[in-house]
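In case you want the letters, here they are:
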Amino acid sequence: MFELRTERLTFRPGVASDVEAIHAIVSNWEVVKNLGSWPYPADLAYTINRIVGRLDIDKGIAGTVRAGDEIIGGMGIVEGDLGYAFGPSAWGKGYATEISRRLVSYVMHCYDWPQLTAEAYADNPASARVLEKIGFEEIGIALVPCAARGCEVDARKFVLTRERWDALRNTSR
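A. Main features of the layout of surface pockets. In this structure, the second largest pocket occupies an estimated 200 Å³ of space. Among the residues forming the lining of the second largest pocket, the class breakdown is five nonpolar, three polar and three charged.

See below:
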């Protein structure tokens, strides 16, 4: 099975046995209030489709993140847009930054997208810090839908161009 690894984490496509752990994460209001499309309360059918639904590889990659044997979150880059969700036990440990950096590197090598995009709700500064740490630059604010909140929410919009990613990689060597 395909995997991406860092020193502490493993990313791989989701499988049926991951559903229970991911469903528990997206059943937590503190998590799901910061996600665009996930409903609240969590819907098991929706979780199953997102975790084990077959994503066309031409559109991107998505999966689960593990620290050891524990599933701590999920993430993906689909059609050039980065998204992630981590359970509270993973917050504040640098996991999102670590595995996002690895996934971005993989995608930049395997896809010819000129840029990647991401959003972080204005009331979620920790997510914005993750994006900034891996090289994304803020380009503005927009109202975006949040299924869990049932409304549109102010979101900070971010972009990471291929040129910026190349430059950051070359300066860190």
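Having seen the model, we can carry on.
B. Inspection of the side chain of Thr47 at higher detail. As for its placement among the helices and strands, Thr47 is situated in helix H3 (residues 44-52). Accessibility expressed as a relative area gives 0% for Thr47, which makes it buried. Polar contacts involving the side chain of Thr47 include one to the side chain of His23, which spans 2.8 Å. The contacts of Thr47, once residues within four sequence positions are left out, are Val19, Ile22, His23, Val26 and Trp38.

C. Looking closely at the packing of helix H4 (residues 95-110) against helix H6 (residues 162-171). Where H4 contacts H6, the axes come no closer than 12 Å and their chain directions differ by 120 degrees. Considered as vectors, H4 and H6 are oriented oblique to each other. Relative to H6, H4 is oriented so that their crossing is left-handed. Between H4, through Val104, Ser105, Met108 and His109, and H6, the contact on the second element is made entirely by Arg162, Trp165 and Arg169.

Reading guide: rules and limits
- Residues numbered from 1 in each chain as written.
- Predicted model: local features only at pLDDT ≥ 70, side-chain atom pairs only at ≥ 80, totals over all residues.
- Heavy atoms only, no water.
- 1 Å grid on protein atoms, 1.4 Å probe; cavity = no way out; pocket = protein on both sides within 12 Å on 5 of 7 lines; lining within 4 Å.
- Points joined across faces, edges and corners; volume = space filled by probe spheres on them.
- Nonpolar A, V, L, I, M, F, W, Y, C, P; charged D, E, K, R; others polar.
- Helix = DSSP H or I, 4+ residues; strand = E, 2+ residues; numbered from the N terminus.
- Buried < 20%, exposed > 50% of the residue type's maximum accessible area, 1.4 Å probe, protein only.
- Polar contact = N/O pair within 3.5 Å; in protein donor to acceptor, adjacent residues only side chain to side chain.
- Contact = heavy atoms within 4.5 Å.
- Axes fitted to C-alpha atoms, helices over the stretch in contact; angles between N-to-C directions.
- Parallel < 35°, antiparallel > 145°, perpendicular 65-115°, else oblique.
- Left-handed = near helix turned anticlockwise from the far one by under 90°.

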